[in-house]
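Analysis of the macromolecular model
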Amino acid sequence: METENEKDICEIEISRDEDVKRMISQHPCYSKEAQHKFGRIHLAVAPKCNIQCNYCDRKFDCVNESRPGVTSEVLSPQAALERTKQVLKDYPFIKVVGVAGPGDPLANDATFETLELIKKEFPDVTLCLSTNGLALPERLPDLLRVGVTTLTVTMNAIDPEIEAQLIGHISYKGKIYRGLEAAEIMVKNQLEGIRLAVEAGLVVKVNTVLVPGINDKHIIEVAKKINELGVFIMNVMPLICQAKFADMEPPTPEECKAIQNECEPYVQQMRHCRQCRADAIGLIGQDLSQMSEERRNIIKLDMKKKMGSDEKA
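Residues numbered from 1 in each chain as written. Predicted model: local features only at pLDDT ≥ 70, side-chain atom pairs only at ≥ 80, totals over all residues. Heavy atoms only, no water.

A closer look at unusual backbone geometry
Backbone torsion omega between Gly-101 and Pro-102 reads 15°, so that peptide bond is classified as cis. With respect to the helices and strands, the residue Pro-102 is situated in the loop between strand E3 (94–99) and helix H3 (109–121). (Helix = DSSP H or I, 4+ residues; strand = E, 2+ residues; numbered from the N terminus.)

Given below as structure tokens:
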């Protein structure tokens, strides 16, 4: 016979499962169906970064650029809250509020101040964060405290020898590390951070940048490992050739697809990523922050009609 305590635990677990299903169904990065119905806003409050990737350049901003690290301005936490208020009022189809840069969110205290303000004002939104994972083990309690429920970790290798070819240096606990030593710390912290995040109940996505000639044959091993850790979805992203990798050749769409197909048996693949900016707003592939007011109004009306028809159905 079921005791009262067992019944309470069961009901809590069922409630948690329903919350997770709702989050996933409304998160455009975690559900291919959600990408057409629901949007997200990225708040660019995190300029500092604790690593230097060989493919990363955060110096440029162009209205035609859509890539991680790009933003028109860095916001204060209070300015981020005001922008969120206006955006959610104008575009009620936006269900996810995230911090994705332009640096690493976990290297910036403003990230946590911002998310606290957002959660207090909008307790029902899904809070999301994207990180390189270096500081994840030590900052996970802070993520849980402010209410983050979906987490993306960019992880390009589980072999330090390969990771060492992808990063220039890391800044960890007041010291700069380079080469294999930096890569060993990086991989160790990423794996431990992902493990702890999944155990804590976060829905985790792993981004992996496909760099031909360096990690293209290794990504399948990443997929196998993150499957063991309980990662929900994986996003294999093509290299954008810049910084130290400016002279490299990017992978073709066919090469990306082939690796996604290889990894699919181990972990679900996100195939609709557009490598969006650190200040992106709206649906994936339709960044409202870079559109004219006329175009934004058209999308606003279209989404209102779509949401109305979905509610009737």
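So that's the structure; there's more coming.
Considerations on the nonpolar core
One finds Ile-94, Ile-118, Leu-143, Val-148, Leu-151, Ile-194 and Met-234 to be the most contacted residues of the largest nonpolar core, which totals 52 residues. Among the elements that take part in this core, helix H7 (residues 219–229) stands out by supplying five residues, more than any other. Ignoring anything within four residues of it in the chain, the contact list for Val-148 reads Leu-115, Leu-127, Leu-129, Leu-143 and Leu-202. Ranked by size, the runner-up nonpolar core spans 19 residues in total, among them Ile-51, Leu-134, Ile-162 and Phe-245. (Core = buried A, V, L, I, M, F, W, Y, C linked by side-chain atoms within 4.5 Å. Buried < 20%, exposed > 50% of the residue type's maximum accessible area, 1.4 Å probe, protein only. Contact = heavy atoms within 4.5 Å.)

Notes on the side chain of Gln-190
The residue Gln-190 is located in helix H6 (residues 179–199) in this model. Other than its neighbours up to four places away in sequence, Gln-190 contacts Asn-132, Gly-133, Thr-154, Met-155 and Ala-157.

Focus on the sheet that holds strand E6 (residues 167–172)
Taken in spatial order, the three strands make up an open sheet running E2-E6-E7, and their pairing is antiparallel. One side of each edge strand has no neighbouring strand; the edge strands of this open sheet are strand E2 (51–53) and strand E7 (175–178). Taking the axes of each pair of neighbouring strands and ignoring which way they run, one obtains an average angle of 20° across the sheet. Of the strand pairs in this sheet, E2 and E6 are connected by three bridges, and their pairing is antiparallel. (Pairing = 2+ DSSP bridges. Axes fitted to C-alpha atoms, helices over the stretch in contact; angles between N-to-C directions.)

A closer look at helix H8 (residues 253–263)
Here H8 has its buried residues at Cys-256, Ile-259, Gln-260 and Cys-263. Considered in projection along H8, the buried side chains sweep an arc of 105° and stay on one side of the axis. Where H8 is buried, its residues contact strand E8 (203–210), H7, strand E9 (233–238) and strand E10 (268–269). (Arc of directions from axis to C-beta.)

Points about the pattern of salt bridges
Between side chains of opposite charge, pairing is possible as soon as their charged atoms come close. A complete count under the given rule lists 11 salt bridges for this structure. A salt bridge links Lys-85 to Glu-82, with the nearest nitrogen and oxygen atoms 3.5 Å apart. Within this pair, Lys-85 and its partner Glu-82 are both found in helix H2 (residues 77–90), separated by three residues, close to a single helical turn. (Salt bridge = Lys/Arg side-chain N within 4 Å of Asp/Glu carboxyl O.)

Details of the confidence of the model for the protein chain
Looking at the protein chain as a whole, its pLDDT mean stands at 84, while 76% of the residues score no less than 70. Here helix H1 (residues 4–25) is the element of the protein chain with the lowest mean pLDDT, 55, and H7 is the one with the highest, 98. Contacts for the low-pLDDT stretch residues 6–15, under 50 throughout, to residues beyond four places or in other chains number three contacts. In this model, residues 62–66 is a region of pLDDT below 50 whose contacts with residues beyond four sequence positions or in other chains number 11 contacts. (pLDDT = per-residue confidence, 0-100.)

What to know about the environment of Tyr-55
Position of Tyr-55 relative to the elements: it lies in the loop between E2 and H2. When the C-alpha positions of Tyr-55 and Val-209 are compared, they lie 9.3 Å apart, and in sequence the two are 154 residues distant. Filtering out sequence-adjacent residues up to four positions away, Tyr-55 remains in contact with Thr-154, Asn-156, Val-209, Leu-239, Ile-240, Gln-242, Ala-243 and Phe-245. A polar contact of 2.9 Å, which involves the side chain of Tyr-55, links it to the side chain of Asn-156. (Polar contact = N/O pair within 3.5 Å; in protein donor to acceptor, adjacent residues only side chain to side chain.)

Some remarks on the pairing of E9
Here E9 lies mainly inside the structure; five of its six residues are buried. The pairing of E8 with E9 spans six bridges and is parallel. Bridging from a neighbouring strand, Leu-210 pairs with Pro-238 of E9. Viewed along the sheet, the connection from E8 through H7 into E9 turns out right-handed. (Right-handed = clockwise from strand over helix to strand, strands pointing away.)

Here's the deal with the pairing of E8
In terms of residue burial, E8 counts as a mostly covered element, since eight of its eight residues are buried. Neither face of E8 is left uncovered, since the one carrying Val-203, Lys-205, Asn-207 and Val-209 and the one carrying Val-204, Val-206, Thr-208 and Leu-210 both have all their residues buried. Sheet topology places strand E5 (residues 148–154) next to E8; five bridges connect them, and they run parallel. When the sheet's bridge partners are listed, Val-153 is paired in E8 with Val-206.

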